[in-house]
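Residue-level structure breakdown
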Amino acid sequence: MSNSSKSARWGFQRFVASSVAEGFLHEPVIMQGMSGAEVSRNGRSYVNFSGINYLGWQQDARVLDAFVESARRYGLSTGGSRATQGICEPHLRLENMLSTLHGKERTLSFASGMLANIGFINAMTAKFGFSSRSAIDNRDAVLIFDRECHWSLWKAASHLKFGESLLAFKHNDVTDLTAVLAKLGGRKAIVVFESLYSSDGSVAPIGEILDVCQRFDALSYIDDANGFMVYGSPQRPFHEQFRHMRRADFIMVSLSKSVGLEGGAISGSAEFIDAFEVLSGTSIFTAAIQPPTADLAVFIIERLRANPWIMEDYLDRSAMFRLKLQASGLRLNDTASYITSVMIGRDDKAEQVRQALEQQGFCVPIFRYPAVKPNQALMRLILHRLHTEPQIDRFVASLKDLLGQGASRDAIAGAEFVGHRQR
Ligand SMILES: Cc1ncc(COP(=O)(O)O)c(C=O)c1O
């Protein structure tokens, strides 16, 4: 078969060409150095609002020195999956630390948060047997997702029939969750939700959701990827919700956000977690976290716990950033958390804004369809701890020029977040 008929048959070439033409896809960004408050990409320096490693650990020479020291001792890889090769001491230290933090018996680490989520869904719905005695069958489980749950969770559950073994409740809506659970007639169920949603910055009513789970004897799984270590002091508005988190049956974290590394983990009771190593598939069939990364995760989490001012200071500055955006007449997401979205509206307008900001030396992440509904595009902003006040002020002024004169307000009327929702 000729190359052109192969292309026509599979459709990838056409998909990429038209996606680039319509502004959905871009040339790959190549960074000349580290991502941080500033970033050099494709040969030019930008003030960066795209990063999720917002506390800037890799800008701290002591963190890099500790990484190198750990790499010298433990190497760059465990050499395989934990089943074939085992884990190193740093993995165990990390898992034990997370178990203590979450008040759980055991924690299993994964090479990413995505793999933790996929592994959890695999494990909880598995039919598997080493032998007739050493076997398990949980295909009768019902999973109930908040509609805004992360793509990784929806994707992992795509083998389940929606409406039968996979159900959804309205975003952060405890009444709707109660109605869904009440119809299940006691079937064994797991409620899956996030602590803090990166789509709209909202914080789940964690305590109320867990109360409902308890009432219906359902298990609970919290994806705390975006909330991990961002709990702040008791005076913070959302601290109260996070306080309930330890009551969940399972807590999942990602190390790519506040910890600024790579990796994920699930904490829960040993009865379940012991089985996840095999049943998740995403532990036994893939490499473990790099040992120095696991070591540095412990180092950074300890630093954050010993120095609560780091997060407090960051949250204060994020709140100030949000106030400055608000004062410029920009329309923002409702919840004031460290994630701030500027609503733009039309998809083509969002792309124009992104390009205009790029020309002015800023890089920003635009969320547009399919991450949000068509023509309800937004800009998801996360302040970096090392952004300077002049950088912030210059950025806010640019945004005000581009969007603050009512241009965005017309386009965003009735905008609604749909996050990573798949249906
Ligand atoms: C809610 C949520 N869950 C899971 C993940 C995946 O985490 P990781 O980057 O560690 O794979 C993310 C990352 O964006 C997330 O936002």
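Residues numbered from 1 in each chain as written. Predicted model: local features only at pLDDT ≥ 70, side-chain atom pairs only at ≥ 80, totals over all residues. Heavy atoms only, no water.

On to the pairing of strand β12 (residues 339-345). Of all 7 residues making up β12, 7 are buried, and the element is well covered by its neighbours. Because side chains alternate across β12, one face comprises the buried residues I339, S341, M343 and G345, and the other comprises T340, V342 and I344, equally buried. Two elements, β12 and strand β15 (residues 377-382), share 6 bridges in a ladder whose sense is antiparallel. Paired with I339 across the bridge in β15 is I382. (Buried < 20%, exposed > 50% of the residue type's maximum accessible area, 1.4 Å probe, protein only. Helix = DSSP H or I, 4+ residues; strand = E, 2+ residues; numbered from the N terminus. Pairing = 2+ DSSP bridges.)

As a further point, take the side chain of H91. You can see H91 is positioned in helix α4 (residues 89-102). Overall, the relative accessible area of 0% leaves H91 in the buried class. Polar side-chain contacts of H91 include one of 2.7 Å to the backbone oxygen of I289. Ignoring anything within four residues of it in the chain, the contact list for H91 reads T78, S109, A288, I289, Q290, P291 and A294. (Polar contact = N/O pair within 3.5 Å; in protein donor to acceptor, adjacent residues only side chain to side chain. Contact = heavy atoms within 4.5 Å.)

In this section: the domain arrangement of the chain. Here the domain parsing of the chain yields domain 1 (23-52 + 308-411) and domain 2 (61-306). In this structure, domain 1 and domain 2 have C-alpha centres spaced 28 Å apart. Facing the 16 residues of domain 1 at the interface are 23 residues of domain 2. Here domain 1 meets domain 2 over a buried area of about 1500 Å², counting both sides, of which 59% is carbon and sulfur. (Domains from an automatic or database assignment. Buried area = accessible area lost by both parts, 1.4 Å probe.)

The subject of this paragraph is the environment of W309. By secondary structure assignment, the location of W309 is in helix α12 (residues 308-327). When the C-alpha positions of W309 and S233 are compared, they lie 9.2 Å apart, and in sequence the two are 76 residues distant.

Membership of the largest hydrophobic core comes to 82 residues, with the highest contact counts inside it found for I144, V191, F193, M379, L381, F395 and L399. When residues in this core are grouped by element, the largest group, 7 residues, is from helix α11 (residues 291-306). Among the domains, domain 1 (23-52 + 308-411) and domain 2 (61-306) are the pair contributing at least three residues each to this core. For F193, the residues in contact, after removing those within four places along its chain, are D146, C149, F169, A204, I206, I209, L210, Y221, I222 and D223. F110, A126, L153 and W154 belong to the second largest nonpolar core, which has 28 residues in total. (Core = buried A, V, L, I, M, F, W, Y, C linked by side-chain atoms within 4.5 Å.)

Before going further, it helps to examine a nonpolar patch on the surface. A cluster of nonpolar residues, F15, V16, V20, F24 and L25, forms a patch on the protein surface that exposes about 420 Å² of accessible area. Mapping F24 onto the fold places it in the loop between α2 (12-21) and β1 (38-41). With relative accessibility at 37%, the residue F24 sits in the partly exposed group. (Patch = residues over 30% accessible without salt bridge, like charges linked within 9 Å, V, L, I, M, F, W, Y side chains within 5 Å. Areas by Shrake-Rupley, 256 points an atom, 1.4 Å probe, with all protein chains shown as cover. Salt bridge = Lys/Arg side-chain N within 4 Å of Asp/Glu carboxyl O.)

Moving on to α2. Counting buried residues in α2 gives 1 out of 10 residues, a small share hidden from the surface. With its phi angle positive at about 80°, G23 sits one or two positions after the end of α2.

Near the ligand, the surroundings consist of 14 residues, among which G113, M114, D223, S254 and K257 are the closest. Contact distances for the ligand include 2.6 Å between a nitrogen atom and a side-chain N or O atom of D223. At a separation of 3.0 Å, an oxygen atom of the ligand approaches a polar side-chain atom of S256. Across the complex, the protein chains shield 84% of the 390 Å² of accessible surface that the ligand would expose by itself. Residue assignment for the shell around the ligand shows that the elements contributing at least two residues are α5 (113-124) and β10 (250-254). Counting residues per element, the shell around the ligand draws most heavily on α5, which supplies 3 residues. Split by residue class, the shell around the ligand holds 3 nonpolar, 8 polar and 3 charged. (Near = heavy atom within 4 Å. Nonpolar A, V, L, I, M, F, W, Y, C, P; charged D, E, K, R; others polar.)

Here we take up the packing of α12 against helix α14 (residues 389-403). A packed helix pair is summarised by two numbers, namely the angle formed by the two axes and the spacing between the axes. The interhelical angle for the contact between α12 and α14, taken along N-to-C directions, is 30°, at an axis separation of 10 Å. Taken together, the axes of α12 and α14 are roughly parallel relative to one another. In the packing of α12 onto α14, the handedness of the crossing is right-handed. On the side of α12, the interface is formed by R317, F321, K324 and L325, while α14 contributes E389, I392, D393, F395, V396 and L399. Its residues assigned to classes, the contact of α12 with α14 comprises 6 nonpolar, no polar and 4 charged. (Axes fitted to C-alpha atoms, helices over the stretch in contact; angles between N-to-C directions. Parallel < 35°, antiparallel > 145°, perpendicular 65-115°, else oblique. Left-handed = near helix turned anticlockwise from the far one by under 90°.)

Here we come to the UniProt feature "domain: Aminotransferase class I/classII large" (unreviewed entry) in the chain. Per the UniProt record, "domain: Aminotransferase class I/classII large" (unreviewed entry) is found at residues 47-399. Along residues 47-399 one finds 40% helix and 17% strand; the C-alpha atoms at either end are 13 Å apart. (UniProt positions renumbered as here; feature names shortened; annotations may be inferred.)

A separate point is the sheet that holds strand β2 (residues 44-48). Reading across from one edge, β1-β2-β13 is the order of the 3 strands in this open sheet, with mixed pairing throughout. Of all strands in the sheet, those bounded by a partner on one side alone are β1 and β13 (362-363). Pairing analysis gives 4 bridges linking β1 to β2, with the strands arranged antiparallel. Across the sheet, the residue bridging to V39 is Y46, located in β2. Lying on the sheet, helix α13 (residues 347-359) is in contact with β1, β2 and β13; it crosses β2 at an angle near 120°.

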